Number of protein chains: 2
Amino acid sequence: MKTFEEMAGLSPSGAREVIRRKEWTGPTAGLAQGYVQANLVVLPRDWAFDLLLFCQRNPRPCPVLDVTEPGYPTPRGIARGADIRTDLPKYRVYRDGVLEDEPLDVTDIWRDDLVGFLLGCSFTFERALVEAGVPVRHIEMGVNVPMYITNIPCRAAGRLSGPMVVSMRPVPAGLVSKAVTTTSLFPAVHGAPVHAGDPQGIGIADLSRPDFGDPVEVRDGEVPLFWACGVTPQAALMASRPPFAITHSPGYMFIGDKKDSEYSVF
Amino acid sequence: MKTFEEMAGLSPSGAREVIRRKEWTGPTAGLAQGYVQANLVVLPRDWAFDLLLFCQRNPRPCPVLDVTEPGYPTPRGIARGADIRTDLPKYRVYRDGVLEDEPLDVTDIWRDDLVGFLLGCSFTFERALVEAGVPVRHIEMGVNVPMYITNIPCRAAGRLSGPMVVSMRPVPAGLVSKAVTTTSLFPAVHGAPVHAGDPQGIGIADLSRPDFGDPVEVRDGEVPLFWACGVTPQAALMASRPPFAITHSPGYMFIGDKKDSEYSVF
């Protein structure tokens, strides 16, 4: 096994190579620093139009970075030479919307009709937040970001529908504007918050009990900011129950060849 | 027939109503001022995934504002109550990639398998340019913007491929940065220029002979700026020859209910 420090300094293709050999089976946060990471959703061709349209209609939670050709496992737009069947440390396999397995490799269940979607991840704008002087609590605490199912409906597309999932980061009141403008400049990876303060207003009863990830402390003088989250399409898939689907395991992302900075407006 | 001044002050639904009654059959630039206008491409369901994927892979020239349900003519995301079969002043009908007709209404040739794509239009950022103090030559001259077929390849998607088409606006050298930053803030409607100066570098031999639209003067001290253009998907359709397609006639756009300002990052 490699160490985190070794993995952090690798190129994207180098990190993927290590993961492919299963010499790294942990979460990917901080690996190949400065390069984009992506959520993965794989569906049969028959469902691909529904998901692509769902993403187009809900671009804040579902920013599409790349889509593979049916049966072909390389997302050529963001990583030539990559293989989405082997290059993530951990996968989730769903049948009829039910989680069935969490393998380290999905080559043996790959099919010729499968289409892979690579969707933007907040890791990209979190780096920009830190560089802009906005503290990111869950990074400081070394835990996963807290995520909540809201009462904000997504626009349906074909057989797919569901509520928006958001991630939450508490920000000091004086830095709220900085957090908004900084993430606004990354419209291709969730962009600005969809909601600021007032968790009840979007159907969140208790911030200390997230639906996914880990709770974080919200201190006096801090405002909880809510960003659209890439878990949204997975929630829609689980609700809509396609016969077969593969996703990444939360936190175990795909590493692409593009730099985070390429997704900024400026 | 209504006058331009009457049309400019109407709401989007009011302008569409007049157009639907064919009491306005001219170009739409300046109508329902402040509201978004869109390019239209209509294709059979069988081709819709290819086009949606082509747009996802080429977001600068092909920014998708809305997609209709198969057979259903209302783009609910940007204009509830609208009808894309009647609400544009002029259409183009293609069979096997060949322009066959240019009717004022397409209700009689509508089919249950047709899907409509509404794509962003540079009218949205031109208003922002003028407000930022950047002169827009073709508006000053009262002509259509000049457009050119480049040697920049689009990423292919399924059966669709083709070169990027760009629009050109000459900008005084001291205002180039202002033009870039202003249009950067509209990533959903073409965003910043894809090329500045050096027309030969993208395969444009003679600026005075555009492939579409009208030529405009480029004065001493001005730099030609090139933006990705919404004619790109039409060029790909003509090259790829789907059996049936409907588009707007250039300049005769769809008027949506969203404000131009809603497409700005800030």
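What counts and how
- Residues numbered from 1 in each chain as written.
- Chains lettered and ligands numbered in written order.
- Predicted model: local features only at pLDDT ≥ 70, side-chain atom pairs only at ≥ 80, totals over all residues.
- Helix = DSSP H or I, 4+ residues; strand = E, 2+ residues; numbered from the N terminus.
- Rg over C-alpha atoms; globule rule 2.2 N^0.38 Å.
- Buried ≥ 20, exposed ≤ 12 C-beta atoms within 10 Å, placed from the backbone.
- Contact = placed C-beta atoms within 7 Å.
- Pairing = 2+ DSSP bridges.
- Axes fitted to C-alpha atoms, helices over the stretch in contact; angles between N-to-C directions.
- pLDDT = per-residue confidence, 0-100.
- Least-squares fit on C-alpha atoms with pLDDT ≥ 70 in both.
- Arc of directions from axis to C-beta.
- Nonpolar A, V, L, I, M, F, W, Y, C, P; charged D, E, K, R; others polar.
- Core = buried A, V, L, I, M, F, W, Y, C linked by C-beta atoms within 7 Å.
- Domains from an automatic or database assignment.

Secondary structure assignment for chain A yields seven helices and 11 strands. At 18 Å, chain A has a C-alpha radius of gyration in line with the 18 Å of a compact globule built from 266 residues. When the 266 residues of chain A are sorted by exposure, 47% land in the buried category. Excluding contacts between residues fewer than 6 apart, the proportion of contacts in chain A whose partners are at least 24 apart in sequence is 75%.

With that settled, the discussion passes to the sheet that holds strand 6 (residues 147-153) of chain A. All names here are of chain A. Ordered by their spatial adjacency, four strands build an open sheet running 6-7-9-8, and the pairing between neighbours is antiparallel. This sheet does not close on itself; its edge strands, each paired only once, are strand 6 and strand 8 (195-196). Where strand 7 (residues 163-172) and strand 9 (residues 222-228) come together, seven bridges link them in antiparallel fashion. The residue of strand 9 that forms the bridge with Val-171 is Val-223. Together, strand 7, strand 8 and strand 9 form the strand contacts of helix 6 (residues 176-184), whose direction differs from that of strand 9 by roughly 15 degrees.

All names here are of chain A. Averaged over every residue, the pLDDT of chain A is 95; residues scoring 70 or more account for 100%. Highest mean pLDDT in chain A belongs to strand 11 (residues 254-259) (98); lowest belongs to helix 7 (residues 232-240) (89). Predicted complex, confidence summary: ipTM 0.82, pTM 0.88.

For the pair chain B and chain A, the superposition axis carries a translation of 0.0 Å, the fit reaches an RMSD of 0.0 Å, and the rotation angle comes to 180 degrees. Here the copies are linked by what is in effect a two-fold axis. Considering only C-alpha atoms, the residue of chain B closest to the rotation axis is Phe-49 of chain B, which sits at 2.7 Å. Interface overlap between copies: 100% of the residues of chain B at the interface are likewise at the interface in chain A, consistent with a symmetric, same-surface contact.

Residues and elements named next belong to chain A. Turning to helix 2 (residues 12-20), its buried residues are Pro-12, Ala-15, Arg-16 and Ile-19. Along the long axis of helix 2, the arc covered by the buried residues comes to 100 degrees, so they all point the same way. Looking at the buried side of helix 2, the elements it contacts are helix 1 (4-8), strand 1 (35-44) and strand 11. Of the residues flanking the end of helix 2, it is Lys-22, one or two places downstream, whose phi is positive at about 60 degrees.

Take the interface of chain B and chain A next. The partner chain A presents 15 residues to the 15 residues of chain B that form the contact. Residue contributions to the side of chain B that touches chain A peak at six residues, all from helix 3 (residues 45-57) of chain B. When the residues that make up the side of chain B that touches chain A are grouped by side-chain class, the tally is 10 nonpolar, three polar and two charged.

What follows is about the nonpolar core. Core analysis: the biggest nonpolar cluster contains 158 residues, and Leu-51, Leu-52 and Val-166 of chain A together with Leu-51, Leu-52 and Val-166 of chain B have the highest contact counts within it. When sequence neighbours within four positions are dropped, the list of residues in contact with Val-166 of chain A reads Met-147, Tyr-148, Thr-150, Val-194, His-195, Phe-226, Trp-227, Ala-228 and Cys-229 of chain A.

The next subject is the sheet that holds strand 7 (residues 163-172) of chain B. All names here are of chain B. Strand order in the open sheet formed by four strands is 6-7-9-8, with antiparallel pairing between adjacent strands. This sheet does not close on itself; its edge strands, each paired only once, are strand 6 (147-153) and strand 8 (195-196). Here strand 6 pairs with strand 7 via four bridges, running antiparallel. Note on strand 7: the bridge partner recorded for Pro-153 is Pro-163. Relative to strand 9 (residues 222-228), helix 6 (residues 176-184) is tilted by about 15 degrees, and along the sheet it contacts strand 7, strand 8 and strand 9. Strands in contact with helix 7 (residues 232-240) are strand 6, strand 7 and strand 9; relative to strand 7, the strand with the most contacts, it is inclined by about 150 degrees.

Turning to the domain arrangement of chain A, a few remarks are in order. All names here are of chain A. Along its sequence, chain A is carved into domain 1 (4-121 + 237-263) and domain 2 (123-233). Distance from the C-alpha centre of domain 1 to the C-alpha centre of domain 2: 21 Å. For the side of domain 1 that touches domain 2, the elements supplying multiple residues, two or more each, are strand 1, helix 3 (45-57), strand 5 (114-120) and helix 7. Within the side of domain 1 that touches domain 2, the residues separate by chemical class into 17 nonpolar, six polar and four charged.

Among all residues save glycine, negative phi is the norm, and among peptide bonds the norm is trans. Residue and element names in this part refer to chain A. The phi angle at Asp-96 is positive, at roughly 50 degrees, despite the residue not being glycine. In this fold, Asp-96 is placed in the loop between strand 3 (91-95) and strand 4 (98-101). Under the C-beta neighbour-count criterion, Asp-96 is labelled exposed, with 10 such atoms within 10 Å. Phi at His-190 takes a positive value of approximately 85 degrees, unusual for a residue other than glycine. Tracing the backbone shows His-190 in the loop between helix 6 and strand 8.

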